[in-house]
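# Geometric and topological summary
If you want the building blocks of each chain, they are given just below.
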Amino acid sequence: MQNTDPVFDTLRRRIEYALRLAIVGIGDELIPPDRLGMYSAREIGQHHLPGVEVFLAATVPESVTGPLRRYRPDHVLFLDAADMGARPGTVAVIEPEQIHASLVTTHVLPLSVVMDYVEQEIVAGVTLLGIQPDLTRADKDLSDEDMAYLGRNLWLLSQILLDRQA
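One numbering rule holds for all chains: residues counted from 1, following each sequence as written. Note on the predicted model: pLDDT of at least 70 is required for a residue's local features to be given, and 80 or more for side-chain atom pairs to be given and counted; whole-chain, interface and lining totals, by contrast, use all residues. No hydrogens and no water enter the side-chain calculation; it runs on all heavy atoms of the structure.

## As for the packing of aromatic side chains
For Phe, Tyr and Trp, rings pair up if their centres lie within 6.5 Å, where Trp contributes its six-membered ring, and each pair is then called stacked (planes under 30 degrees apart), edge-to-face (over 60) or tilted (otherwise). What the rule picks out here adds up to 1 aromatic pair. The rule for a charge over a ring is simple: NZ of Lys or CZ of Arg within 6 Å of the ring centre, and within 35 degrees of the ring normal. Sitting over the face of the ring of Y71, R20 holds its NZ or CZ atom 4.2 Å from the ring centroid. In this arrangement the basic side chain of R87 is found over the ring face of Y149, its NZ or CZ atom lying 4.0 Å from the centre.

Here is the structure:
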């Protein structure tokens, strides 16, 4: 299934030739608006996609650099909550220069530093996929409708992961 959404087109181009892809879920699972990266990584992991390994970093994304080095991915896709002023459940590629302005951060080390390290030292392509939380419901998860919207976006992402190199 081809999707013409620019976000998914960008992702498709970035991971098209990745034989080994790492998905890194980031976030604090005790804070509903910040747990979307971890949730999304787990959801993708349930598909057991060939050539895709899921890593759960929680609030310490630098903790997965050793396992990433051992896995030797061609590309690393970081998933994290990000305030983009969009509908809750929306996903978007966030460029490095946008990181400070958009992440709902609870990280020990800035994610941009971890991404740069992965790119330079592990020699892998790096993409950050932001997921819009519902910041009006700070103590609650996404509404059922917004969760369904996120589920659709994660299904599209899974299709792109499955279709690469096809």
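Here the narrative resumes, following the displayed structure.
## Some points on the pattern of salt bridges
By salt bridge we mean one thing: a side-chain nitrogen of Lys or Arg within 4 Å of a carboxyl oxygen of Asp or Glu. For the structure shown, the criterion picks out 7 salt bridges. Between R87 and D146 there is a salt bridge, with its nearest N and O atoms 3.4 Å apart. With R87 in the loop between β3 (75-81) and β4 (91-94) and D146 in helix α6 (residues 144-163), this pair connects stretches of sequence that are 59 residues apart. Note that R137 is salt-bridged to D134, the shortest N-O span being 3.9 Å. Several salt bridges converge on common partners, so that one network encompasses R87, E145 and D146. Strands here are runs of E lasting at least two residues and helices are runs of H or I lasting at least four, both read from the DSSP assignment and numbered beginning at the N terminus.

## Side note on helix α1 (residues 6-15)
Burial classification: accessible surface area is computed with a 1.4 Å probe over protein chains only, and a residue below 20% of its type maximum counts as buried, one above 50% as exposed, and the rest as partly exposed. Of the positions making up α1, those classed as buried are V7, F8, T10, L11 and I15. Taken down its axis, α1 places every buried residue within 155 degrees of arc, on the same side. Exposed and oriented more than 90 degrees from the buried face of α1 are P6 and R13. Structurally, α1 contributes buried residues whose contacts are with β1 (21-26), β3, β4, β5 (125-131) and α6. If you check the start of α1, you find a side-chain oxygen 2.8 Å away from the backbone N of V7, and it comes from D5. As used here, the arc is the angular range of directions from the helix axis to the C-beta atoms. Here, residues are in contact when the closest pair of their heavy atoms is within 4.5 Å. Polar contacts, as counted here, are pairs of nitrogen or oxygen atoms within 3.5 Å of one another; within protein the pair requires one atom able to donate a hydrogen and one able to accept it, and residues that are adjacent in sequence qualify only if both atoms are side-chain atoms.

## Focus on the nonpolar core
Among the nonpolar cores identified, the biggest contains 26 residues, and L11, I23, I44, L79, L129, L157 and L161 are the most heavily contacted of them. No other element matches α6, which puts 6 residues into this core. Ignoring anything within four residues of it in the chain, the contact list for L79 reads I23, V24, G25, I26, G37, S40, A41, I44, L129 and I131. Grouping buried Ala, Val, Leu, Ile, Met, Phe, Trp, Tyr and Cys residues that are joined through side-chain atoms within 4.5 Å yields what is termed a nonpolar core. Formed by 21 residues, the second largest nonpolar core is a distinct cluster that contains L68, F78, M115 and I122.

## Concerning the packing of helix α2 (residues 36-45) against α6
Running from N to C, α2 and α6 cross one another at 50 degrees; their axes reach a closest spacing of 10 Å. In this view, α2 runs oblique relative to α6, as classed from their interaxial angle. The crossing of α2 and α6 is right-handed. Contacts between α2 and α6 involve L36, Y39, S40, E43 and I44 on the former and, on the latter, M147, L150, L154, L157, S158 and L161. When residue character is reported, Ala, Val, Leu, Ile, Met, Phe, Trp, Tyr, Cys and Pro are called nonpolar, Asp, Glu, Lys and Arg charged, and the others, Gly included, polar. Classifying every residue of the contact of α2 with α6 by side-chain character gives 8 nonpolar, 2 polar and 1 charged. Note on geometry: axes are C-alpha line fits, over the in-contact stretch for helices, and angles between N-to-C directions span 0 to 180 degrees. Oblique is the label for every angle not falling under 35 degrees (roughly parallel), over 145 degrees (roughly antiparallel), or within 65 to 115 degrees (roughly perpendicular). Each crossing is labelled by how the near helix is turned from the far one, with a counterclockwise turn of less than a right angle marking it left-handed and a clockwise turn marking it right-handed.

## Points about unusual backbone geometry
The backbone phi angle of R72 is positive, close to 60 degrees, even though this residue is not glycine. In this model, V123 sits at a positive phi of 55 degrees, which is unusual for a non-glycine residue. For V123, the location among the structural elements is in the loop between α5 (111-122) and β5.

## Focus on the packing of α1 against α6
One can describe the packing of α1 onto α6 by two numbers: an axis separation of 10 Å at closest approach and a directional angle of 30 degrees. One element, α1, and the other, α6, form an angle in the roughly parallel class. Two packed elements cross with a definite hand, and for α1 against α6 that hand is right-handed. In this structure, α1 uses F8, L11, R12 and I15 to contact α6, whose residues at the interface are N153, L156, L157, I160 and L161. For the contact of α1 with α6, the per-class residue count stands at 7 nonpolar, 1 polar and 1 charged.

## Some words on the environment of P33
Looking at where P33 falls in the secondary structure, it is placed in the loop between β1 and α2. Put simply, P33 and D141 are 108 residues apart on the chain and 6.7 Å apart in space, counted from C-alpha to C-alpha. Dropping the residues within four chain positions of it, P33 is found in contact with A81, P133, D134, L135, R137 and A138.

So yeah, pure geometry; function would need other evidence.
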